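# Examination of the molecular architecture
Residues per chain are reported as follows:
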Amino acid sequence: MMPIALIASFTITLAVTPLIMKLMRKLGIIGIDVHKPSKPEIPEMCGLSMLIGLVASSIILLSIQFNPKILAFTLTSTLAAIIGMIDDILTLKAKVKTALTIICFTPIAIMSMIYPNYIVLGRPRAPLIGGFRLTIVYWILLPFAIAVPANAINMMDTYNGVMSGGCAMMSASLLASSIILGQWDEAAMSAIILGVSSAFYYYNKYPAKAFAGDTGSLMLGAAIGSIAVLGRMEIVGITVLMPFIMNAFHSLSSIGGLLERREIAERPVKVVGEYIEANPNPKAPKTLANLMLRKGRATELELIKSYHALCAISSIMGVITAILMLVRI
């Protein structure tokens, strides 16, 4: 199932993305690459191609053998993508968008009630301890297990290839972790995300030819969150997401709450010729980019490589976490 999932998702996304790019340009759905002096116009909402790749490859797997987990994963990811599409077209307020992503957990909850012996919730696993049981607390946290990664990944989609490349690394880590833990359904789901994100990275890498928009970033975040929940790999999920969570935490704490990018008066960085510098204004969001550039300016490509290095470290740590889950003290 894993090879089929990986090949199908990668091939479909790679083939569909140029068509979506042309469609978005024709519809006038474009974004400005603000971190380049020339401010080029880039087709936006091209994450629709990743949604097509995810849904199509999931349908292929479900046609081979019905699997409640893959169905729940697909519905959760699709629901997040639909919210992203609405935001890309209508521009939702940040609090409204966040509230909507909270409901993305419902397909998993419903499927767990229909197939309680197949989808087990409330029994996460931890390194050196093994499985433990949570009841009411888990169900309170469950909505945020999807909403937090969805919004954290969305907030990191600011530089060419950071989001798509980071998600490719995280999904590879989840794939390896799933194999280590014997979670074969989650391995297939991780293969799907690896396929769609790495294929889209080809068009999204520096210099970007396509932007994912909230359609793609919310979908990938919800998909990664659902894999962690369905596979009882919540700790692994938190580990691989750490750079994205740190970026969201620093940003939100510095601006005092949820705000849409357009509502923030000061940008976290300034573009000076070919270089990017930290914005020293106290009102500027303290994103990872702002913090990393405090020691000196950098080109966009250098900044992107720093982000990818952080993602690579967290992805490796995710695999180590999975290995430690097999150890009992």
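Look a little higher up for the structure.
Just so you know, these numbers come straight off a predicted model, no measurement behind them.

## Observations regarding the overall build of the protein
Summing up its helical and strand segments, the protein has 13 helices and seven strands in all. Its C-alpha radius of gyration of 19 Å places the protein within 12% of the 20 Å reference for a compact globule of 329 residues. Principal-axis analysis of the C-alpha atoms gives the protein an extent of 55 × 45 × 30 Å. Sequence-distant contacts in the protein: of pairs separated by 6 or more residues, those separated by 24 or more amount to 74%. Here the protein has roughly 14100 Å² of accessible surface; of this, 69% comes from carbon and sulfur atoms.

## As for the pairing of strand β6 (residues 275-278)
Along any regular strand the residues' side chains alternate between the sheet's two faces. In β6, alternate side chains face the same way, and those of Ile276 and Ala278 are buried while those of Tyr275 and Glu277 on the opposite face are not. Here four bridges tie strand β5 (residues 269-272) to β6, and the two strands are oriented antiparallel to one another. Each residue of the ladder has a partner; that of Val269, found in β6, is Ala278. Counted along the chain from β5 to the antiparallel partner β6, the turn is two residues long, and its residue Gly273 has a positive phi close to 65 degrees.

## Describing the packing of helix α3 (residues 68-90) against helix α8 (residues 184-204)
Running from N to C, α3 and α8 cross one another at 35 degrees; their axes reach a closest spacing of 9 Å. The way α3 lies across α8 gives a crossing that is right-handed. Where α3 approaches α8, its residues Lys69, Ile70 and Phe73 are matched on the opposing element by Asp185, Glu186, Met189, Ile192 and Ile193. When grouped by side-chain class, the residues that make up the contact of α3 with α8 number five nonpolar, no polar and three charged.

About the cut-offs
- Residues numbered from 1 in each chain as written.
- Predicted model: local features only at pLDDT ≥ 70, side-chain atom pairs only at ≥ 80, totals over all residues.
- Heavy atoms only, no water.
- Helix = DSSP H or I, 4+ residues; strand = E, 2+ residues; numbered from the N terminus.
- Rg over C-alpha atoms; globule rule 2.2 N^0.38 Å.
- Contact = heavy atoms within 4.5 Å.
- Areas by Shrake-Rupley, 256 points an atom, 1.4 Å probe, with all protein chains shown as cover.
- Buried < 20%, exposed > 50% of the residue type's maximum accessible area, 1.4 Å probe, protein only.
- Pairing = 2+ DSSP bridges.
- Axes fitted to C-alpha atoms, helices over the stretch in contact; angles between N-to-C directions.
- Left-handed = near helix turned anticlockwise from the far one by under 90°.
- Nonpolar A, V, L, I, M, F, W, Y, C, P; charged D, E, K, R; others polar.

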